[in-house]
Amino acid sequence: MAPSTTSGTSIGIVSGRGGVGKSILAVNLGAVLTKRGDKNIIIDADISNPSIGLHLGLPYSPTGLQDVLLEHKHFRDAILAHPSTGMRVLPSSLKYSRGASLRNLARVVNEVGKAYDFTIVDSPPGITDDVMHILDACDEIVVVTTPDVPGVSSATKIIQLCKENKKRVRGVVVNRCTGAPFELTVREIESMTESSVIVRIPEDRTIPASISMRVPAVYYAPDSPASRKLNEFALSLIQAGPRETERAGVMSRFFAWLRKIFS
Ligand SMILES: Nc1ncnc2c1ncn2[C@@H]1O[C@H](COP(=O)(O)OP(=O)(O)OP(=O)(O)O)[C@@H](O)[C@H]1O
Ligand SMILES: [Mg+2]
């Protein structure tokens, strides 16, 4: 595989709160792109609690992102392929690695981006120094939340941080939606975050079932409600050009402004 001279797109998947579905989203985004034949790789940047390898049942490897960050290994020596789909992953090692931090992540993402059209970066939760390095390293950011006030208010903080740092936010993914009347609506979430909702993904038991089978949901149960939405999310992400996304953001801010005036 000859490295290209131009860089692909790097997409950071972040959230204010833990357990909202970032890793599920990263795995299935990679899976949809792999199905389409788009050259992509997932970097598991959750160096303290890596889970992509566990979700996909990748074989234990002594080499991981931590070694690449510390410049002990080249990134190509750490890449693993998912046996049944061929998806490429740069996993974090499960062993504790003293001194590893994401300080050098931008360099790694830049290098990897010369060989892949899409680099998906799975983040740990919260607003920590490591997450700041992820925001810094990626071209664009997707923010994941559940449809509740604590999740959305944490998501709003991250989005504000991105905006302050002139980082492009592609939008918000609302995961684990049940349709219960107490859940926040898309309008409310867009108004709170001042960003557009890309997709709502339902609560769906095929998600934990797919993890137990070590296969991404879009392969395991392609017609399940969550897989359909995950597919829709991936396609909207790669099909909507920057202009369209920016326009969607402007429209969402315009409607939020109108709502404020009339409420
Ligand atoms: N749409 C869904 N329907 C049902 N279960 C889901 C859904 N999305 C995620 N889950 C479950 O939620 C759990 C957490 O998902 P995941 O590991 O992707 O979250 P995370 O945001 O990456 O967590 P962390 O912040 O700890 O890294 C998983 O066990 C998964 O089974
Ligand atoms: Mg995770």
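Everything numeric in this text was worked out from a predicted model, so none of it was measured. The numbers attached to residues start from 1 for each chain and follow its sequence in the written order. Whichever chain is written first is A, and whichever ligand is written first is 1; the rest continue in order. Confidence filtering applies because this is a predicted model: local features only for residues at pLDDT of at least 70, side-chain atom pairs given and counted only at 80 or more, and all residues used for totals across whole chains, interfaces and linings.

K.L.:
For this particular structure, what's the right way to read the overall build of the chain?
P.N.:
Secondary structure follows DSSP: runs of H or I at least 4 residues long count as helices, runs of E at least 2 residues long count as strands, and numbering of each begins at the N terminus. Regarding its fold elements, the chain presents 11 helices and eight strands. Burial is judged by counting the other C-beta atoms within 10 Å of a residue's own C-beta: 20 or more makes it buried, 12 or fewer makes it exposed, and any count in between marks it as partly exposed, with every C-beta position built from the backbone. Expressed as a percentage of its 263 residues, the buried residues of the chain come to 47%. Throughout, a residue-residue contact means that the two C-beta atoms, derived from backbone geometry, are no farther apart than 7 Å. Once local pairs closer than 6 in sequence are excluded, the contacts in the chain between residues at least 24 apart make up 74%.

K.L.:
What should I look at first to understand the site of ligand 1 in this one?
P.N.:
Using a C-beta atom placed from the backbone, a residue is scored as near a molecule or strand whenever that atom is within 6 Å of it. Surveying the vicinity of ligand 1 reveals 20 residues, the closest of which are Gly18, Gly21, Lys22, Ser23 and Ile24. Within the residue set of the shell around ligand 1, elements represented by two or more residues are α1 (22-36), β7 (168-177) and α8 (206-213). Three classes are used: nonpolar for Ala, Val, Leu, Ile, Met, Phe, Trp, Tyr, Cys and Pro, charged for Asp, Glu, Lys and Arg, and polar for all others, with Gly counted as polar. Residue classes in the shell around ligand 1 are distributed as eight nonpolar, seven polar and five charged.

K.L.:
Honestly, the packing of helix α6 (residues 149-164) against helix α7 (residues 186-193) in this entry has me stumped. Any pointers?
P.N.:
The description of two helices packed together rests on the angle between their axes and the distance between the axes. Interaxial distance between α6 and α7 falls to 9 Å at its minimum, and their mutual angle equals 40 degrees. Classified by the angle their axes make, α6 and α7 are oblique. As α6 packs across α7, the resulting crossing turns out to be right-handed. In contact with Val152, Ala155, Thr156 and Ile159 of α6, α7 contributes Ile189, Met192 and Thr193. Across the contact of α6 with α7, the residue classes tally to five nonpolar, two polar and no charged. The axes used here are C-alpha line fits, helices contributing only the stretch in contact, and every angle between their N-to-C directions lies in the interval 0 to 180 degrees. We call two directions roughly parallel when the angle between them is under 35 degrees, roughly antiparallel when it is over 145, roughly perpendicular when it lies between 65 and 115, and oblique otherwise. Crossing handedness is read from the near helix: turned anticlockwise from the far helix by less than a right angle, it gives a left-handed crossing, and turned clockwise, a right-handed one.

K.L.:
Mind showing me how you'd approach the confidence of the model for the chain here?
P.N.:
Any region with low pLDDT has predicted coordinates that should not be read closely. Looking at any residue, its pLDDT shows the predictor's confidence there, from 0 to 100. Confidence along the chain averages 91 in pLDDT terms, with 89% of residues attaining 70 or more. Scored below 50 in pLDDT, residues 242-246 makes two contacts in the model with residues more than four places away or belonging to other chains.

K.L.:
Can you walk me through the nonpolar core in this structure?
P.N.:
Where a protein is soluble and globular, its nonpolar side chains tend to be buried together. Ile13, Ile43, Val121, Ile134, Val143 and Val173 are the most contacted members of the largest nonpolar core, which has 71 residues in total. Element by element, the count of residues in this core is highest for α1, at eight residues. Those residues in contact with valine 143, other than ones at most four positions away along the chain, are Val14, Ser15, Ala155, Ile158, Ile159, Val169 and Val172. By our criterion, buried Ala, Val, Leu, Ile, Met, Phe, Trp, Tyr and Cys residues that link up through C-beta atoms within 7 Å make up a nonpolar core.

K.L.:
Would you mind going over the sheet that holds strand β1 (residues 9-14) with me for this structure?
P.N.:
Picture the strands of a sheet paired through backbone hydrogen bonds; they go either parallel or antiparallel. Whether two strands pair comes down to DSSP finding at least two bridges between them. With mixed pairing, eight strands are arranged side by side in an open sheet as β3-β4-β2-β5-β1-β6-β7-β8. For this open sheet the edge positions go to β3 (80-81) and β8 (197-202), each flanked by a neighbour on one side alone. Here β1 runs beside strand β6 (residues 140-145); their pairing, made up of four bridges, is parallel. Within the sheet, the bridge partner assigned to isoleucine 13 lies in β6 and is valine 142. Here helix α5 (residues 129-137) sits on the sheet and contacts β1, β5 (118-122) and β6; the angle it forms with β1, its principal contact strand, is near 150 degrees. Of the strands in this sheet, β7 and β8 touch α7, which is tilted by about 135 degrees from β8.

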